[in-house]
Amino acid sequence: MPRGRRGSRVRALEGGPEEEAPPGAAAVPSALLPAPQQPEAAAEQVVLRGIFEIGRGSCDVVLSERALRWRPIQPERPGGDPKIDLLQKEEFIELKDIFSVKLKRRCSSQQQLGTLLGITLFVCLKKEQNKLKDSTIDLINLSEDHCDLWFSQFKKILAGFSNRPKALKILLNPQSHKKEATQIYYEKVDPLLKLAGIKTDVTITEYEGHALSLLKECELQGFDGVVCVGGDGSASEVAHALLLRAQENAGMETDCLLSPVRAQLPLGIIPAGSTNVLAHSLHGVPHVVTAALHIILGHIQPVDVCTFSSTGRLLRFGFSAMFGFGGRTLALAEKHRWMSPNQRRDFAVIKALARLKPEDCEIAFLPLKTSQDLQERKAQGSLKSDDSDEWQVTQGQFLNVSIMAIPCRCSVAPRGLAPDTRLNNGSMALIVVRNTSRPAFVRHLKRYASVQNQFNFPFVETYTVGEVKVQQKSNLSGHNSEERHEPHELGLENSFPWNVDGDLLEVASEVHVKLHPRLISLYGGKKEELIPRAQIVNV
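Residues numbered from 1 in each chain as written. Predicted model: local features only at pLDDT ≥ 70, side-chain atom pairs only at ≥ 80, totals over all residues. Heavy atoms only, no water.

Quick look at the pairing of strand S14 (residues 300-310)
We apply this condition: Each residue gets one of three labels from its accessible area relative to the maximum for its type: buried under 20%, exposed over 50%, partly exposed in between, using a 1.4 Å probe on protein chains only. The helix count covers DSSP runs of H or I at least four residues long, the strand count covers runs of E at least two residues long, and both are numbered beginning at the N terminus. DSSP calls a pair of strands paired once it identifies at least 2 bridges connecting them.
Extensive coverage of S14 is indicated by the burial of 10 of its 11 residues. Bridge count for S14 against strand S15 (residues 313-318) is five bridges, and the pairing is antiparallel. Across the sheet, the residue bridging to phenylalanine 308 is arginine 316, located in S15. Counting the residues between successive antiparallel strands, the hairpin from S14 to S15 contains two residues, one of them, threonine 311, with a positive phi of roughly 50°.

Right, dumping it as structure tokens:
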């Protein structure tokens, strides 16, 4: 018989009455049950206290307002200080990292429910490189009453996290990357959502623009958030749809959006694409389980969004854009979608480099000169443009123009295409690469994959801006003979390709890009959620 299985007693609360210990609790002298000694633990009020078997030994377990702490119970040693010995071995888990709790039972064919063994906590663990991992902690105790009390308290605590979603609308793009999105969702994401008790409604998108049309019409009243399973193009389309719906619900005209309203529901992004720039920028790593756990735990991050408009008409909402080399590379890749994703990307880059040519542009931008400008934008939520704004103009031959409101991290640029930009600092990075030789441009591109400064070239200029206007002056007559004899990759006469969040946008006139701080909330990031106050239980 295991040690301490009979005649043991357990203290439910410090200073409270003793009661007969449940089966499975180990005997322990009261001197070995000191209050938590750390300053942060001592300041918290104890909710429950009892004895469970954790791992291979009995532990004194304390549930406080913010954490669950436990330390092994050991017999007193002659000449030793048991308090010091126990303090060194204390472990804990913060309540905000628990996302589900279940009663642990041993099932058998003769018993419908099975024999109660204790309680299982499902927790989120932080790993290296911003990754999150789901794990379990078993609190073993054979007493029904004891476990029911603790189980009920854990359920009340979890219900107190108001940011955590209870129902989600899932949009799944089965064509993303290697067509693995469906497998990724049902094997890695759906089990975690079910474990957390989150209700889901899944729609498989069937064509480009399906998510946009769906979110314009479907009823979202019963959902706490929308989740996109796919690549950057799919996620950007869903974000665009949520913001468009918010403008329509607010009765705003989308032809001229000076101050758009925020999206009403947060967006979760499960990375299932080839580059996963949005997820990588948001979480620091394009990891499916990490993205799912951020959604489950209700970690919400406000994110800046740009409006892209032309001739006074809104083209779309987005987070980043590239014109020139970046746009033409995407146009070539879209033209060869029959290739595998990696082959298509490599082919497009090589061919775009072979056809490398500058674009004759005029770029006007509104610079943000000081940190105070950024703080004012962050506080106001928008930038008011008037005649006093000092627009700057640069023109000439440009190989590439990047406008980015987020860092745009990916596997080929782990620091980001715009490493000094943040998710919600109220500014955009304008990066212009002037005409130079092909070898020099290639050296610039290669630096994105290294720790070297990719902007430390005389032909690269960077600006921190709030608005940008790009006017293309070239026309198709500037293309070489090979391009004129082939079907044009842009598809439209006198239009020019823009890469907006991995989606191809063809525009023939000036493009106006304006930043709108914190216009949408995304599940993810490092923002700490509010900790609900645990209910104190008297037993």
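Some points on the environment of glutamate 461
Going by this rule: The definition of a polar contact used here is a pair of N or O atoms within 3.5 Å, where within protein one atom must be able to donate a hydrogen and the other to accept one, and adjacent residues in sequence count solely through side-chain atom pairs.
Tracing the sequence through the fold places glutamate 461 in strand S20 (residues 460-472). Once the C-alpha coordinates of glutamate 461 and valine 401 are considered, the two residues, 60 residues apart in sequence, prove to be 9.8 Å apart. Here the side chain of glutamate 461 touches tyrosine 463 through a polar contact of 2.6 Å, side chain to side chain.

Overview of the packing of aromatic side chains
Stated formally: Two aromatic rings, drawn from Phe, Tyr or Trp (for Trp, its six-membered ring), form a pair once their centres lie within 6.5 Å of each other, and the interplanar angle then sorts them: stacked below 30 degrees, edge-to-face above 60, tilted otherwise.
With the rule as written, the count across this model stands at nine aromatic pairs. Measuring from ring centre to ring centre gives 5.1 Å for phenylalanine 325 and phenylalanine 441, while their planes differ by 75°; the resulting arrangement is edge-to-face. Taken together, the residues span a long stretch of sequence, with phenylalanine 325 in helix H9 (residues 325-335) and phenylalanine 441 in helix H12 (residues 438-446) at a distance of 116 residues. As far as the burial class goes, phenylalanine 325 and phenylalanine 441 line up, both buried.

Side note on the nonpolar core
Heads up, the condition is: Here, nonpolar core means buried Ala, Val, Leu, Ile, Met, Phe, Trp, Tyr and Cys residues that are tied together by side-chain atoms lying within 4.5 Å of each other. Contacts: residue pairs with any heavy atoms within 4.5 Å of one another.
Within the largest apolar cluster, 58 residues are counted, with the highest numbers of intra-cluster contacts made by Leu215, Val238, Leu242, Leu267, Val303, Phe319 and Ile520. Those residues in contact with isoleucine 520 that sit more than four places away from it in its chain are Ala239, Arg262, Ala263, Leu267, Gln301, Pro302, Val303, Val305 and Phe319. In this structure, Cys124, Tyr185, Val288 and Ala291 belong to the second largest nonpolar core, which totals 27 residues.

With respect to empty space enclosed by the protein
For clarity, the cut-off: The way it works is a 1 Å grid over only the protein atoms, where trapped points that fit a 1.4 Å probe form a cavity and open points with protein on both sides within 12 Å along at least five of seven lines form a pocket, and then any residue with an atom within 4 Å of a point lines it. Grid points are joined across faces, edges and corners, and a volume is the space filled by probe spheres set on the points. When residues are sorted by character, Ala, Val, Leu, Ile, Met, Phe, Trp, Tyr, Cys and Pro go into the nonpolar class, Asp, Glu, Lys and Arg into the charged class, and all the rest, Gly among them, into the polar class.
Counted by the stated rule, this structure contains four cavities of 30 Å³ or more. Contributing to the lining of the second largest cavity are Phe323, Val470, Gln472, Phe496, Trp498, Val507, Ala508, Ser509 and Val511. By residue class, the composition of the lining of the second largest cavity is seven nonpolar, two polar and no charged.

Considering helix H6 (residues 232-249)
Condition: To estimate the expected span of a helix, subtract one from its residue number and multiply by 1.5 Å.
Taking 1.5 Å per residue as the helical rise, H6 with its 18 residues ought to reach 26 Å, and the 26 Å between its terminal C-alpha atoms agrees with that figure. Among the 18 residues in H6, 16 count as buried, and that is most of the element. Where H6 terminates, the next one or two residues include glycine 251, which has phi positive at roughly 75°.

Quick notes on the side chain of arginine 344
Quick note on the threshold: For the purpose of charge, His is not counted, nor are the chain termini; Lys and Arg are scored as positive and Asp and Glu as negative. In what follows, salt bridge is the name for a side-chain nitrogen of Lys or Arg lying within 4 Å of a carboxyl oxygen of Asp or Glu.
Note on placement: arginine 344 falls in helix H10 (residues 341-354). Within the buried set, arginine 344 has no salt-bridge partner at all; the shortest N-O distance to an opposite charge, 5.5 Å, is to glutamate 334. Looking at arginine 344, its side chain comes within polar contact range of the main-chain oxygen of methionine 339, at 3.0 Å. With near-sequence residues (within four places) excluded, arginine 344 lies in contact with Ala333, His336, Arg337 and Met339.

Considering the pattern of salt bridges
Throughout the structure, instances matching the rule amount to 15 salt bridges. Note that aspartate 60 is salt-bridged to arginine 71, the shortest N-O span being 3.8 Å. Residue aspartate 60 is located in strand S4 (residues 57-64), and its partner arginine 71 is located in strand S5 (residues 67-72); the two are separated by 11 residues in the primary sequence. There is no split in this pair, since aspartate 60 and arginine 71 are both buried. Among the salt bridges present, the one from aspartate 503 reaches arginine 316, with a minimum N-O distance of 3.3 Å. Of this pair, aspartate 503 sits in strand S22 (residues 503-507) while arginine 316 sits in strand S15, placing them 187 residues apart in sequence. Look at aspartate 503 and you get buried, because its relative accessible area is 17%. According to the relative accessible area criterion, arginine 316 is buried, its value standing at 9%. It is possible to trace a salt-bridge network through shared partners that takes in Arg49, Asp60, Arg69, Arg71 and Glu90.

Comments concerning unusual backbone geometry
The backbone phi angle of asparagine 130 is positive, close to 65°, even though this residue is not glycine. Position of asparagine 130 among the secondary structure elements: in the loop between strand S8 (115-126) and strand S9 (132-140). Note on asparagine 130: relative accessible area 35%, which makes it partly exposed.

A word on the packing of helix H5 (residues 210-217) against H6
As a reminder of what qualifies: Axis angles are defined between N-to-C directions and span 0 to 180 degrees, where every axis is a line fitted to C-alpha atoms and, for a helix, only to the segment in contact. By definition in this entry, angles of less than 35 degrees are roughly parallel, angles greater than 145 are roughly antiparallel, angles of 65 to 115 are roughly perpendicular, and the rest are oblique. Two helices cross in a left-handed way if the nearer one is turned anticlockwise from the farther one by less than a right angle. They cross in a right-handed way if the turn is clockwise.
Look at H5 against H6: their axes get within 9 Å of each other, and the N-to-C directions meet at 30°. Viewed along their axes, H5 and H6 adopt a mutual orientation that is roughly parallel. Viewed along their axes, H5 and H6 form a crossing whose handedness is right-handed. Residue-level inspection shows His210, Ala211, Leu212, Leu215, Lys216 and Glu217 of H5 in contact with H6, the latter providing Glu237, Val238, His240, Ala241, Leu242, Leu244, Arg245 and Glu248. The residue inventory of the contact of H5 with H6, partitioned by class, reads seven nonpolar, two polar and five charged.

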